[in-house]
Amino acid sequence: MVDRFDRPSLWKTAGKELFLFLGSLKVAVVLLVMLSVVLAWATVVESIKGREYAQWYVYQSRWFSALLGILAINIFAATVNRFPWGKRRIGFLVTHGGLLVLLAGAIFTYRYGIEGQVGFAEGQTADRITLIDRSLLRATRQDQGTGESISTEFVFEPGPVDWPPKKRLSLGEMSGIGLEIVKFYRHARVEEDWVEDPSGRGSPALRFELAGTDGRAFREEWLVADQFGSQMFIGPVKFEFQRLPAQSMLDDFLNPPKDMDPDGVLSMHFEGRMERVAVREHLGKKMSLGAGKMFVEIVEYLPNAAPGTAGKFISRGQEPANPLLELRVTSPERDRPIRQIAFAKFPFLNFDGVHGRDCPVKFVYHHPAMTPDFGVEFFQAPDGQIYCRVGLNGRYESRGAVAKRQPIDVAGQFQVVVADVLSHARREVSFYPLELGSGERRAAEPAALVRLSAGGTTEEFWLQRNHPKFGQTMIQTQQGPIEIRFGNDELPLGFSLQLIRFQRGLNPGRVGNASFASRVRLMDASRQIDEERVISMNKPLTHGRYTFYQSSFQELEDGRSASILSVAYDPGRFLKYFGSIMICVGIAVMFYVRFVGKGGSVSQRNTQVQSERGLGPPRQSEELVAIASRSGKGHSPTGVDVARIG
Amino acid sequence: MHKPIAIAIVSLVFPLAAFAEGSQASFDWEPWRRLAVQDGGRYKPLDTLAWETLRTLCNRASLVDPESGEKLGATAAYLTLLFEWPGWDSAAQGDARPAGLFPSHGSLDKWDKAGLLRVDYLELRDLLGMSADQKYLSPAELSQATIRDPRSGRETSFLLWVRKVSREEDRGLPTLERKALELAGNYAEYLNHRAGKRLAILPIPGNEHHEWLSVAELMGGDLKGLDDAQGTLAKVREQFQKVRAAFLSKSAEAFNAASSEFISTLQEAGPKLGVYPSQSKLDLEVAYNHWVPFRFAWIFAMLAFFLVALSLGTNWKPLYAVGVALFVLSFAAMLAGFGLRIAISGRAPVTNMYESVVYLALGTALFGLVFEAIYRSRYIMVAAAAVTTVALILADNSPAILDPSLKPLQPVLRSNFWLVTHVMSITLSYAAFALALGVGNITLGYYLARSRDPNIIAALTRFTYKALQVGVLLLAAGTILGGVWADYSWGRFWGWDPKEVWALIALLGYLAVLHARYVGWVNELGLAALSVVCFALVIMAWYGVNFVLGAGLHSYGFGGGGQGYVYSAMAIQLLYVAVAVTVAWLRGAHKRQLEESIA
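Definitions and cut-offs
Residues numbered from 1 in each chain as written. Chains lettered and ligands numbered in written order. Predicted model: local features only at pLDDT ≥ 70, side-chain atom pairs only at ≥ 80, totals over all residues. Heavy atoms only, no water. Helix = DSSP H or I, 4+ residues; strand = E, 2+ residues; numbered from the N terminus. Buried < 20%, exposed > 50% of the residue type's maximum accessible area, 1.4 Å probe, protein only. Contact = heavy atoms within 4.5 Å. Areas by Shrake-Rupley, 256 points an atom, 1.4 Å probe, with all protein chains shown as cover. Buried area = accessible area lost by both parts, 1.4 Å probe. Salt bridge = Lys/Arg side-chain N within 4 Å of Asp/Glu carboxyl O. Polar contact = N/O pair within 3.5 Å; in protein donor to acceptor, adjacent residues only side chain to side chain. Nonpolar A, V, L, I, M, F, W, Y, C, P; charged D, E, K, R; others polar. Patch = residues over 30% accessible without salt bridge, like charges linked within 9 Å, V, L, I, M, F, W, Y side chains within 5 Å. Phe/Tyr/Trp six-rings, centres within 6.5 Å; stacked < 30°, edge-to-face > 60°. Core = buried A, V, L, I, M, F, W, Y, C linked by side-chain atoms within 4.5 Å. pLDDT = per-residue confidence, 0-100. Pairing = 2+ DSSP bridges. Axes fitted to C-alpha atoms, helices over the stretch in contact; angles between N-to-C directions.

Peer 1: I would appreciate a short explanation of the overall build of chain A in the present structure.
Peer 2: Within chain A, the regular secondary structure consists of 10 helices and 34 strands. Classification of the 646 residues of chain A by burial places 46% in the buried group. Considering only contacts in chain A between residues 6 or more positions apart, those separated by 24 or more positions represent 53%. Split by element, the accessible area of chain A, about 33,000 Å² in all, is 53% carbon and sulfur.

Below you can see the structure in the form of structure tokens.
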């Protein structure tokens, strides 16, 4: 047996002492326990704060790498300390060497590996990998000389949490564009709201609340009265907000005529007065308004109007499905008559403003075939006051002038409250961080307040990553417009994949998913490859250095499916697999292979141990001493000696 | 296993194991049990559907007719509920309105008023105004129950409240509301089952998703675009009415005749219309349901435990021999059970908590028998039999937590060699650690009993050590195989997923123990205590990640419940260890040993 007491005295220097200590079993036990505790704590952190957080603050952190590094040093030192190894150390050596190889493989993967995603809808082609953890701000502008568009990319890793208020990140300056992240929310919610526009542009807007009989609001919505007003349905109930161009129209809407002629009644509003005429009696007749200031002629009655040729309307039949009046308004002061129309169904749809001029006479056409929708209609009179009528049981009921927060009865079931009125509304977009544990959080992309400085212009704006609407913005600078887009960092594949079809298999009877598969077309010009392949669950596609795995899918609104593949390149794979095999084989050898002869049978070893006890420091063969000290019978924990009992 | 002999043995020794189906001697339910149905994404015999339905609704294997007092086996009960549904007569006239949350048939019958819905969660009982020891509620009571909304404090109907709660389901609900949803779901299932909506009996030809037609659709005339050129469906409909009429008239002869006519029509028409399972496979599943091999297994294992333990005390050889034989029988029963499950499901039976618990029992028994064959020590046998018994009893008696039903797999778990080897070696390592736990407990028992025989302690320590070695090797291999699977399926070898991390923690924990023993920090007593304590790491990796932490990629294995039992069991174990170690310390055995070794 080769004995370690024969080692040169060189080993006894301080550095070697340290090395021996680092490789000692005691340190190993302490490290194993420490690592277990840290890992257990990390899983608890993960279950509270989420996967991303644990990855960032524990598993990917430097101190965790350091802990693993110390473990690696311990294993390495322990292996070296036992040199020369001898036959019976084979199991030990292979196992611990395997661990080192495995860790080396992990380092390779961590440093040089690529993990990303490819997401595409059916028909789309992808030639880039999206790197999920890395954010990218891309500034694009036109070169003023050549007209070419120039892109500048700023990449950063924002981490898994909202940034503290004071944290800022300067992304530097490239080709005259400087970017800085001033605020960052890891999971953001966008809220669009309407606020009073101080510039006095913008249409009136109204916020109403829908409440139960107990007065508790369960829904609120905005209505904005732009040119044609706004309309929305909540369930079967219609809500509408309109701006009235003439004060006299108020009475017309709140108290529409009853017991109408079969072809309806036309209300004409001129100079603050309303005049109602029966259509059938006045068809083709010229009527005077304002003591001869205006003349109105009902040119044509179309019971079921539809657009015809050359801007004319035609009627598709005699059934009054969409009654329309063609009107001609003439003024003695004007040479050309004004053409106007009045729909019974759409009282605010007419030619006003269409040809660049407004008709001085306003019309409202009431038709008996048009039964009121079940709903609530708000009107803003020219003096700014809001009025309301309710369509109920086929009739309109006036609710008169509406005060803020005053409940309006609709039916027995619920009430409507006008909560807010803006005379000129402007849309404002705000970003909020999402609370931890909120259900929407999982899918919510981050948002950042970005400060752009370019050529003397400095501007701050919010962007939400990959958002179709708020993911990019156009900033006007002295050097021309710059487009800023917030997305993920990407990497070119070097070839492209087109999603032909995403197939989802269901279990018999449509219960649960049975399989996912993406049929793709792989196109690689450099290798003259253009062929169809299938990527399915547990059947990845490898091409070049990348492997594509079926990860998830989305059903798009247009009926197509989008497939999401995860992409990986792992340069440490061979080392990891090799290390793994070494570990398994090594443990098996250590526990179950008996070496007899040179290198020591059990009895020899134990004799050796006995003799060591009185001789030297126990450190160098501490495990053997420990065994010997524990049991006079000399059984070994390697399980080599067998004594039958019973 | 020969059927009559097995019955004889079991009914002699264990009267409770006489679980013959149904006592309606005259009504023949046998052909019904073997009828193919489609349910939960797979084809199964009606027998399984009936068992599963009764288990979900009321956790019973049979029902008692509230009027006649007759005991009905699962299939008999299921069909009785179906045939006696008061809605059939209107349904036959084409009125198959959806049952919704309230019965569409106006009148409540005896079953609606019977306690068919089990409420296990105490807070839910309280909410529903049930007394703490009242386990069952009738569907009628539930549909009429009013509760006080725990959030607003207002009086409201239970079902309306549940409907409101269900809208917030994806945000994550408190336990009470989850349990309430579950109960309301069971109530809706009760209505659906009674109305024949869940009894799908015939394939729809050419259906892309292999959908089947349910009895409700058949009787309600909603044939899902199926044209009935051959008049098969009309025939089936007519025969079903005949069966029902015969059943209601209590005429066993007429019922049996009508039944066999109805069933043979289905069995003839089925394969012509679409995918229809083979009768032999269905029969296999009926046999599996009937024989419950894992129940035999625990009964045998328990007997083996007592006999071998007794032989340890008395040194009477025949006891030992019979004990070993029984343990071998138990092992064989488990093998048979696994064989049947594999044959029925067509996949390796290691995909849910139930199967892994049973697999642990199998593994422990295997190691127990192998070690026994090598060492003939009897301690290992006792430990293995005890662990096997406990695991199998748990699996057999907690269907709410360990669901024994066979379900289709998630796509990522399908046809995957690495998954199977990974799970099998990990679970096998748990079995080895469970064996170490058993032997460790016996060792602590010897310390408690002040037995100072160093031979026994040394032998026990060696066995503990051997079990730990097997466990460490398998756990290391299994964890690595898990990495291989993850690499193969997801493209990453290791991602610090909680399940991965806990498997690693368990491995590190046991490695720390083995290394500490090399250092000399752990003696015999310590090894015994640690082999028990470290099993907590296995429990955490195996159960805790899914049920306590509830996070990570392995979520398809997730379920809920049982925490109380697991914590109590762990607390008792730790208490036992603490007492044993304290006693040993007080006796100074440990100290003396230390002094000896230092001297």
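Peer 1: Is there a simple way to explain the interface of chain A and chain B in this structure?
Peer 2: How large an interface is tends to be reported as the accessible area lost when its parts come together. On the side of chain B, 70 residues touch chain A, which itself brings 68 residues to the contact. A combined buried area of about 6,000 Å² lies between chain A and chain B, and 62% of that area is made up of carbon and sulfur atoms. Linking chain A with chain B are one salt bridge, by the criterion used here. One salt bridge connects Asp487 of chain B with Arg573 of chain A, and the closest N-O pair in it is separated by 2.8 Å. Connecting chain A to chain B are eight residue pairs in polar contact (both at pLDDT 80 or more). At the level of elements, helix 2 (25-49), helix 3 (51-59), helix 4 (62-81), helix 5 (90-112), strand 30 (513-524), strand 34 (561-569), helix 8 (573-592) and helix 10 (622-630) of chain A are the ones that each hand at least two residues to the side of chain A that touches chain B. Broken down by class, the residue content of the side of chain A that touches chain B amounts to 34 nonpolar, 17 polar and 17 charged.

Peer 1: Got a minute to help me understand the pattern of salt bridges in this structure?
Peer 2: Any two side chains of opposite charge can pair, so long as their charged atoms come close to each other. Per the counting criterion, the structure on display carries 61 salt bridges over all chains. In this structure, Asp197 of chain A engages Arg426 of chain A in a salt bridge whose closest nitrogen and oxygen atoms are separated by 3.8 Å. Pair noted here: Asp197 of chain A is in the loop between strand 6 (188-196) and strand 7 (205-212) and Arg426 of chain A is in strand 25 (residues 425-433), with a separation of 229 residues, a long-range link. Residue Asp197 of chain A is classed as buried on the basis of its relative accessible area of 11%. Among the ionic pairs, Asp120 of chain B bridges to Arg118 of chain B, the shortest N-O distance being 2.9 Å. Each member of the salt-bridge network shares a partner with another, and the members are Arg207, Glu209, Glu220, Lys404, Arg405 and Asp420 of chain A.

Peer 1: Where do I start with a nonpolar patch on the surface in this structure?
Peer 2: A surface patch of nonpolar side chains, amounting to about 300 Å² of accessible area, comprises Val30 and Met34 of chain A together with Trp521 of chain B. Note that Met34 of chain A resides in helix 2.

Peer 1: Honestly, the packing of aromatic side chains in this entry has me stumped. Any pointers?
Peer 2: Note on aromatic pairs: each is described by the distance of the centres and the angle between the planes. The final tally for this structure, using the stated rule, is 56 aromatic pairs over all chains. Ring plane angle 75 degrees and centroid distance 5.7 Å describe the contact between Phe343 of chain A and Phe346 of chain A, whose orientation is recorded as edge-to-face. Exposure remark for Phe343 of chain A: the relative accessible area of 8% places this residue in the buried category. In this structure Phe346 of chain A comes out as partly exposed when scored by relative accessible area, which is 39%. Members of the aromatic cluster, connected to one another through ring pairs, are Phe27, Trp29, Trp32, Phe83, Phe240, Phe247, Phe255 and Phe262 of chain B.

Peer 1: Explain the nonpolar core to me, please; I cannot follow it from the model alone.
Peer 2: Nonpolar side chains in soluble globular proteins tend to be buried together. Of all hydrophobic cores here, the largest spans 147 residues; its most connected members are Leu39 and Tyr59 of chain A together with Phe327 and Phe367 of chain B. If you tally residues by element for this core, the top one is helix 19 (residues 454-490) of chain B, at 19 residues. Residues in contact with Phe327 of chain B, not counting those within four places in the same chain, are Ala301, Ala304, Ala365, Leu369, Met381, Ala384, Ala385 and Thr388 of chain B. Tyr136, Trp161, Ala180 and Phe247 of chain B belong to the second largest nonpolar core, which has 77 residues in total.

Peer 1: What should I look at first to understand the side chain of Gln242 of chain A in this one?
Peer 2: Checked against the element boundaries, Gln242 of chain A lands in strand 10 (residues 237-243). For Gln242 of chain A, the residues in contact, after removing those within four places along its chain, are Ala225, Phe228, Gly229, Phe348, Phe378, Phe379 and Gln380 of chain A.

Peer 1: Just checking my understanding: could you explain the environment of Ser526 of chain A for this structure?
Peer 2: Residue and element names in this part refer to chain A. Tracing the backbone shows Ser526 in the loop between strand 30 and strand 31 (529-536). Assessed through its relative accessible area of 60%, Ser526 is described here as exposed. A C-alpha to C-alpha distance of 8.7 Å links Ser526 and Gly494, two positions 32 residues apart in sequence. At 2.7 Å, the side chain of Ser526 forms a polar contact with the side chain of Asp524.

Peer 1: Where do I start with the confidence of the model for chain B in this structure?
Peer 2: Residues and elements named next belong to chain B. For chain B, per-residue confidence averages 83 on the pLDDT scale, and residues scoring 70 or more make up 86% of the total. Throughout residues 92-105 the model reports pLDDT below 50, and contacts reaching past four residues in sequence, or to other chains, amount to 29 contacts. Confidence metrics for the complex model read pTM 0.76 and ipTM 0.83.

Peer 1: Please explain the sheet that holds strand 4 (residues 169-174) of chain A as it appears in this structure.
Peer 2: The pairing of strands in a sheet comes from backbone hydrogen bonds and takes either a parallel or an antiparallel form. All names here are of chain A. As summarised here, the arrangement of the four strands in space is 4-5-26-27, forming an open sheet in which the pairing is antiparallel. Either end of the sheet is taken by a strand with one partner, and the two such strands are strand 4 and strand 27 (457-464). Averaged over all neighbouring strand pairs, the angle between strand axes comes to 20 degrees, with direction disregarded.

Peer 1: Please explain the side chain of Thr461 of chain B as it appears in this structure.
Peer 2: All names here are of chain B. Assignment of secondary structure puts Thr461 in helix 19. Judged by relative accessible area, Thr461 falls into the buried class, the value being 1%. Here Thr461 is in contact with Arg517, Glu524 and Leu527, once residues within four sequence places are set aside.

Peer 1: How should the sheet that holds strand 24 (residues 414-422) of chain A be read in this particular structure?
Peer 2: Residues and elements named next belong to chain A. Across the sheet, four strands lie side by side as 8-7-24-23; this open sheet has antiparallel pairing. The sheet is open, and its two edges are formed by strand 8 (217-224) and strand 23 (407-409), each paired on a single side. Pairwise comparison of adjacent strand axes, ignoring direction, gives a mean angle of 30 degrees for this sheet. With three bridges connecting them, strand 23 and strand 24 associate as antiparallel partners. In the strand pairing of strand 24, Pro407 is matched with Val417.

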